[in-house]
Amino acid sequence: MSKVLDAVVPDVIDYCANEECGAEIFAGQPVTKIGHELVCSGKCLMQKLGAVTIIAGREAAAQ
Ligand SMILES: [Zn+2]
C-alpha cells in the first residue's frame, strides 16, 4: 500500500525572490509580496530590500 507519498505534495507556484534563499513557495503558503515578486519570510524581505539587522552604534552586521 503506497498511497502515503502523493497525498502530501503541495503545488509549487513560485520561488522566493531573495536570490540567496530561492525557497520553493507553495500554494496556500503565507508570503510577502513585493511588486510582482514573492518572498518566503520577513528575513528574505529584508534581504531583498537590502536591509540588514545591526547593533545600533556598531558597524558590523549582527547576522
Ligand atoms: Zn526566502
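Report follows, based on the coordinates. Please read these numbers as outputs of a predicted model, since none were measured by experiment. (Residues numbered from 1 in each chain as written. Predicted model: local features only at pLDDT ≥ 70, side-chain atom pairs only at ≥ 80, totals over all residues. Heavy atoms only, no water.)

**Observations concerning the overall build of the protein chain**
Part 1 of the argument: For the protein chain, the count of helices and strands is one helix and four strands.
Part 2 of the argument: Reading the protein chain from its N terminus to its C terminus gives the helix and strand order β-β-β-β-α.
Part 3 of the argument: Looking at the 63 residues of the protein chain, the share that counts as buried comes to 11%. (Helix = DSSP H or I, 4+ residues; strand = E, 2+ residues; numbered from the N terminus. Buried < 20%, exposed > 50% of the residue type's maximum accessible area, 1.4 Å probe, protein only.)

**A word on the environment of A23**
Part 1 of the argument: Tracing the backbone through its elements, the reader meets A23 in the loop between β1 (12–15) and β2 (24–26).
Part 2 of the argument: On the basis of relative accessibility, which here comes to 27%, the residue A23 falls in the partly exposed class.
Part 3 of the argument: Separated by 16 residues in the primary sequence, A23 and V39 have C-alpha atoms spaced 8.5 Å apart.
Part 4 of the argument: Not counting residues within four places of it along the chain, the set of residues in contact with A23 comprises D14, Y15, C16 and C40. (Contact = heavy atoms within 4.5 Å.)

**Considerations on the coordination of the zinc ion**
Part 1 of the argument: Taken together, C16 (SG), C21 (SG), C40 (SG) and C44 (SG) make up the full set of protein donors to the zinc ion, lying 2.2 to 2.3 Å away.
Part 2 of the argument: Geometry at the zinc ion is tetrahedral, judged from the four donor atoms that bind it and their angles of 105 to 117° at the metal.
Part 3 of the argument: Mapped onto the polypeptide sequence, the residues donating to the zinc ion form the spacing pattern C-x4-C-x18-C-x3-C. (Donors = N, O, S within 2.8 Å, 3.2 Å for Na, K, Ca; no water. Tetrahedral: all angles 85-135°; square planar, octahedral: opposite > 155°, others 65-115°.)

**Describing the pattern of salt bridges**
Part 1 of the argument: With the rule as written, the count across this model stands at two salt bridges.
Part 2 of the argument: Where K48 meets E19, a salt bridge forms, and the shortest distance between an N and an O atom there is 3.4 Å. Remark: E19 occurs in the loop between β1 and β2 and K48 occurs in helix α1 (residues 42–49); sequence separation between them is 29 residues.
Part 3 of the argument: Since its relative accessible area comes to 27%, K48 is described here as partly exposed.
Part 4 of the argument: The shortest N-O distance in the salt bridge between E37 and K48 comes to 3.6 Å. (Salt bridge = Lys/Arg side-chain N within 4 Å of Asp/Glu carboxyl O.)

**Focus on the side chain of N18**
Part 1 of the argument: As for its placement among the helices and strands, N18 is situated in the loop between β1 and β2.
Part 2 of the argument: We classify N18 as buried; its relative accessible area is 3%.
Part 3 of the argument: Other than its neighbours up to four places away in sequence, N18 contacts V39, C44, Q47 and K48.

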